[in-house]
Amino acid sequence: MGIPVFILAGLLVHFVFLVSIFDIYFSSPLVHGMTPQQTPLPPPAKRLVLFVADGLRADSLYELNSNNTSQAPYLRSILENNGSWGISHTRVPTESRPGHVALIAGFYEDVSAVAKGWKENPVEFDSIFNESKYTWSWGSPDILPMFAKGATGDHVYTFCYAAESEDFGAQDAAKLDTWVFDHVKSFFNSSRSNQTLLSALNEEKVVLFLHLLGIDTNGHAHRPNSREYKENIKKVDEGVKEIASMIDNFYGNDGKTAFILTSDHGMTDWGSHGAGHPSETLTPLIVWGAGVNYPQKVTSQFFEDNFLKEWKLENLKRLDVNQADVAPLMASLIGVPFPLNSVGALPLEYLNNSAHFKAESMFTNAVQILEQFKVKMSQKKETTLSFLFTPFKPLSDSEQINFLKKTRLYIQQQKYDEAVSLCKTLINLALEGLSYYHTYDRLFLGLSIAVGFVGWTTYVILVIIKTHTNLTKTVQANNKESTVLFYGFACVGMIIASFLLIQTCPWTYYVYCLLPVPVWYAVVRELPVIQDLAMNLLSLHLSQSIGFLLVCTLGIEILVFSFFYRSTLTVGLLVFAGWPVITQLWVQAKTRALIWTLLCVLLAIFPLMPVVGREPNIPMVIATGLLTLLISCFSLASLCKSKNKYRNNEDLKVHLYQMLSIALSTYVVSSTHESLKNKQGLPVLNQIISWMTLVSSSVLPLLSPTFLFQRLFSILLSLMSTYLLLSTGYEALFPLVLSGLMFVWITMEQEALQHYGLSLKPKLAGFNFAYATDITQFRQLHLDDIRRSFFFVFFIVTAFFGTGNIASVNSFDPASVYCFLTVFSPFMMGGLLLLKVVIPFVLVSCAFEAVQVTTQLSSKSLFLIVLVISDIMALHFFFLVKDYGSWLDIGTSISHYVLVMSLTIFMMLMNGLAQLLTTQRLELPRRTKHHST
């Protein structure tokens, strides 16, 4: 297999492995074709007002200030005197869109919606708004349009402000909420002179939705413990009070309005959300008005989180719900059909109504969820061969009829409590059944992927052994045998394909199930190599082989562990620090070994630091900028003294321009954060400089000389100028320390080569990347090269976790991108944060490229070992992916797998990028002028 074909095959295989997890674990749970279900009794409310305070944490709303007063006095008085309260538990991902879908449509969105930036739904769905007679909504352009778009007919109206208003650097984000409250007031005022609107407002089944984004924006910009966030809660409280009294007056206090205040998600102390930390998943829920229970006094109640005492609410009954339960509650209050895809269970304790109404509502809820179960079951039955189909036993057809008959009978006999408990059992069983059919093919697909994974890894190991070592003799393949093999595997492929065709499986199943066939065909074709290798291994000492395997396993386990505990990297780096001593290298290079040890210890501190963005430290970033300038001055001085002086002034100009770039970046970081602190927004000049630095940093290294250390130092300076702009604290120092260690690593590998007698020591200072690709100089692999590859993977993992990232969505701090933009834009911000993660990777990849070239190895051979190490890690995480348990566990397990798979795909691309950055040189047109004179 040629090299380009091999790389393409590798990228394809890894891409399939990466995407498979979303198909296997996180495909869309939605089904279509159910009949709407509605409670047959008259509802208690004619209209419902839903306030969603985006990004509001439960504790921020319920806790009391130091002087024992509430941040939201009106809402506090409601839950003490007029309504019911509790905590709504959200699910991961704790983002605005999935949160709103759970509240308004009653189901938890599948992860595939992340590709739409949580703005638009990849699948059609039903919602409370769609079922209502009229819905008017005010708020953010990111949220409102998606519910209007999915609605049938023209009865969902939206009023949004401009997207540019969502500015994290703005003077005060609370103005977003003031905008909503003002527009609602003027809307009601205008209706008095508009007869059509007035009659529409007086209809039944009306919903008014107020989306309040200020709290979320202030939380991102200033953190949830800030004065701005708390002041915003106060403003929302005042606004809710005004709107509630205005609506009551408008309808002549008819007592037919129900009010709900809740939030789509919370927020961490460092101002981000997306993962499953309790500060993100616990949101407030306060319900009052028509049909809602009054506060219930209790003497004692127990909750694991111990918040009640803190909030001084131990004597008022706390009614907790899952976020999707809010949708059936709203449907029940205004008497609209339950949303078709809702999986919420009606929280009866919130209702102040007759036992008959509660039982009927619960029965409607159960039938509506059972409808989804039936559709899901029939879909699965149609696409599975009858002798392979195993139904969900607890809800067979006869059981379903039995449940429904029994419940109807209980309601007729007025045994409402029994009817309700039977409905709850039925709901739980139907949800279990939905999950059972949703994950029906999981084991089968998981095994296919695992078989493909193992096959691919085996193939890569065989390629390494066959082409880059002396372990096997070249054996001529038998043509007859290979033809038989080919037809054998082709038959297996045909059988699998026809089996999938009969069951009308989706096209992705074909990819997952057929991928192992060519992969294993490639492995079996190398049978002579396997036999040869087995002979060679048997001739080794058993203890040696086992010892070697143990060391390899331990190394990979350390890497896997580091995803769960960042401190594992510290242990690894301290072991690295002792490497020259263990291998006696320090005897021949004392100074280098000492510097290596010092830098390893210094780098080992970073994984112990707190996660980035928790506490911004701008002086630290500025100090790093100045330190970088100082180092570049020294390097300039030493280069001018050295033998290979800058051959011309152009090279000197590039170096000076890079130093200027570092100085500018340092200035921009300091002035931007000062400006944002004073709420003056992002200065335009700073924004222009930032973007120009970003663009120039990718081109400048290509203008510098291709001598080893000059080129690598040029790459460091260029990337450092961009990295400073993206830094908010101690992580700015990280690339400097990492690069220092990389420079020493390159020289240490030279010493190691000499130590093992593998080659003579070339002069590194005069080493030129441009002439390093001479094919005749390459040597075969040695056992020590496995250690080299392991070092590389370890440094890559350190490059990710060392900068204060954690394997989770919420570890990224939006403040990192404030030098570039402050207006909310998920893809642009995501791209810049990704760049910040990539920069240390590029530094490590370029150093690895230098190691490969200076140790006379073809870049492919070491890279293949790296591929094997990362694939074994990925297989580990594939089996650790969960979609059950706490939401933190689920989110983390997905993040881990996606990270490892992305790393592998990434390292393939990085390998190419590093070659480009180190070997290519752009010549400026000045040459021609030079010749003409």
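In case you missed it, the structure is sitting above this.
A quick note: this is a predicted structure, and the numbers were derived from the prediction, not measured.

A. Highlighting the overall build of the protein chain. Each helix and strand in the protein chain was counted, giving 35 helices and 8 strands. Residue burial in the protein chain is summarised as follows: out of 933 residues, 56% are buried. Long-range contacts, defined here as pairs at least 24 residues apart, represent 80% of the contacts in the protein chain between residues at least 6 apart. Of the accessible surface of the protein chain, which amounts to about 39800 Å², a share of 64% is contributed by carbon and sulfur atoms.

B. Expanded view of the nonpolar core. Counting residues in each nonpolar core, the largest one holds 147 residues, and the members touching the most others are Phe563, Phe576, Trp596, Trp745, Phe795, Met873 and Tyr897. Per-element accounting of this core gives the leading share, 16 residues, to helix α32 (residues 826-854). Phe209, Leu319, Phe363 and Tyr437 belong to the second largest nonpolar core, which has 67 residues in total.

C. The pattern of salt bridges, seen in detail. Under the criterion given, the structure shown has 18 salt bridges. A salt bridge links glutamate 80 to arginine 76; its shortest N-O distance comes to 3.0 Å. Linking glutamate 80 with arginine 76, this pair stays in helix α3 (residues 73-81), spanning 4 residues, or about one helical turn. Each member of the salt-bridge network shares a partner with another, and the members are Glu749, Asp785, Arg787 and Arg788.

D. Quick peek at the pairing of strand β2 (residues 84-89). With 5 of 6 residues buried, β2 lies mostly within the body of the structure. Both β2 and strand β7 (residues 282-289) contribute to a ladder of 6 bridges, which runs antiparallel. For glycine 86, the partnering residue across the bridge sits in β7 and is leucine 285.

E. Representation of the environment of threonine 803 within the structure. Checked against the element boundaries, threonine 803 lands in the loop between α31 (784-801) and α32. On the basis of relative accessibility, which here comes to 5%, the residue threonine 803 falls in the buried class. In this structure, the C-alpha to C-alpha distance between threonine 803 and glutamate 731, residues 72 residues apart in sequence, is 5.1 Å.

F. Quick look at helix α16 (residues 416-438). Spanning 23 residues, α16 covers 32 Å between terminal C-alpha atoms, matching the ideal 33 Å at 1.5 Å per step. When α16 is considered as a whole, its buried residues turn out to be Tyr416, Ala419, Val420, Leu422, Cys423, Leu426, Ile427, Leu429, Ala430, Gly433, Leu434 and Tyr437.

G. Spotlight on the sheet that holds strand β8 (residues 321-322). Ordered in space as β4-β3-β5-β1-β6-β7-β2-β8, the 8 strands form an open sheet in which the pairing is mixed. Each having just a single partner strand, β4 (156-160) and β8 make up the two edges of the open sheet. In terms of strand pairing, strand β1 (residues 47-53) meets strand β6 (residues 257-262) through 6 bridges, oriented parallel. Counterpart to valine 49 in the pairing with β6 is phenylalanine 259. The strands touched by helix α10 (residues 227-250) within the sheet are β1, β5 (206-212), β6 and β7, with β6 carrying the most contacts at an inclination of about 170°.

H. Expanded view of the packing of aromatic side chains. This structure, assessed with the given rule, holds 58 aromatic pairs. Seen from their ring centres, tryptophan 136 and tyrosine 157 are 5.9 Å apart, and the 20° between their planes marks the pair as stacked. A residue pair is termed long-range when its members are at least 10 positions apart, and tryptophan 136 in strand β3 (residues 134-139) and tyrosine 157 in strand β4 qualify at 21 residues. The class of tyrosine 157 is partly exposed, set by a relative accessible area of 28%. When the centroid spacing of 4.9 Å and the interplanar angle of 85° are considered together, the rings of phenylalanine 800 and phenylalanine 801 count as edge-to-face. Both residues of the pair, phenylalanine 800 and phenylalanine 801, count as buried.

Parameters at a glance
Residues numbered from 1 in each chain as written. Predicted model: local features only at pLDDT ≥ 70, side-chain atom pairs only at ≥ 80, totals over all residues. Heavy atoms only, no water. Helix = DSSP H or I, 4+ residues; strand = E, 2+ residues; numbered from the N terminus. Buried < 20%, exposed > 50% of the residue type's maximum accessible area, 1.4 Å probe, protein only. Contact = heavy atoms within 4.5 Å. Areas by Shrake-Rupley, 256 points an atom, 1.4 Å probe, with all protein chains shown as cover. Core = buried A, V, L, I, M, F, W, Y, C linked by side-chain atoms within 4.5 Å. Salt bridge = Lys/Arg side-chain N within 4 Å of Asp/Glu carboxyl O. Pairing = 2+ DSSP bridges. Expected span 1.5 Å × (residues − 1). Axes fitted to C-alpha atoms, helices over the stretch in contact; angles between N-to-C directions. Phe/Tyr/Trp six-rings, centres within 6.5 Å; stacked < 30°, edge-to-face > 60°.

All we've got here are geometric facts, nothing functional implied.
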